Amino acid sequence: MKKVGIVMGSDSDLPVIQKATSLLKELDVPFEVHVYSAHRTPEQARLFSEQARANGFGVLIAAAGMAAHLAGAIAANTTLPVIGIPCKGPVLDGLDALLSTVQMPSGIPVATVGVGNGANAALLAAEILAVEDSDLAERLRRKRERDTIAVLEKDAGIAERL
Ligand code: RP5
């Protein structure tokens, strides 16, 4: 099975990445995590994305904050799908990273999820791999079912909380 490659610009992005890795574990999807920065370790980031397809990855996730060019830099060196997660920085509440990640000029796409939304990045990565993997598609379907039941249980209990 193809792996999900996860890159974060700094270990300060780890809480966001943990939301992704716990979901990938739940879905039994293999992954590998690295700390590579587009500006602090550009060579390592480039090599990782250049070699990702040959190294067994099917989709990449890149998380970064502030002037978040990591996802775009990763996408520039591979034709694997790249999912960007904008992370909150010390100012602007993540709007800086959101715009830096989502506003890719035409030609090099980055599928951007919401600020800090590691969970959606993992689900989207799993859905991409599930295009060619019916067992994973079934695990995704069962997860949706569990999530639906959890909401219905909240609905059943909401009146008691008022
Ligand atoms: C980005 O700068 C990282 O992705 C992180 O979100 C932000 C701050 O990094 P640190 O100064 O915490 O290492 O490159």
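Up top is the structure these notes are about.
Reading the values: rules and limits
- Residues numbered from 1 in each chain as written.
- Predicted model: local features only at pLDDT ≥ 70, side-chain atom pairs only at ≥ 80, totals over all residues.
- Heavy atoms only, no water.
- Pairing = 2+ DSSP bridges.
- Helix = DSSP H or I, 4+ residues; strand = E, 2+ residues; numbered from the N terminus.
- Right-handed = clockwise from strand over helix to strand, strands pointing away.
- Near = heavy atom within 4 Å.
- Polar contact = N/O pair within 3.5 Å; in protein donor to acceptor, adjacent residues only side chain to side chain.
- Areas by Shrake-Rupley, 256 points an atom, 1.4 Å probe, with all protein chains shown as cover.
- Nonpolar A, V, L, I, M, F, W, Y, C, P; charged D, E, K, R; others polar.
- Contact = heavy atoms within 4.5 Å.

The subject of this paragraph is the pairing of strand 2 (residues 31–35). Bridge count for strand 1 (residues 3–8) against strand 2 is 5 bridges, and the pairing is parallel. Note on strand 2: the bridge partner recorded for Gly5 is Glu32. Taken together, strand 1, helix 1 (residues 14–26) and strand 2 constitute a β-α-β crossover, and its handedness is right-handed.

If you check the shell around the ligand, you find Gly9, Ser10, Ser12, Asp13, His39, Arg40, Ala64 and Gly65 and nothing else. Within the contact set of the ligand, an oxygen atom lies 2.7 Å away from a side-chain nitrogen or oxygen of Ser12. In the complex, the protein chains occlude 74% of the 360 Å² of accessible area that the ligand would expose alone. Considered class by class, the residues forming the shell around the ligand number 1 nonpolar, 5 polar and 2 charged.

For the rest of this paragraph, the subject is the side chain of Lys143. Looking at the element boundaries, Lys143 is found in helix 6 (residues 134–157). When residues no more than four places from it in sequence are discounted, the contact partners of Lys143 are Leu23, Glu26, Leu27 and Leu123.

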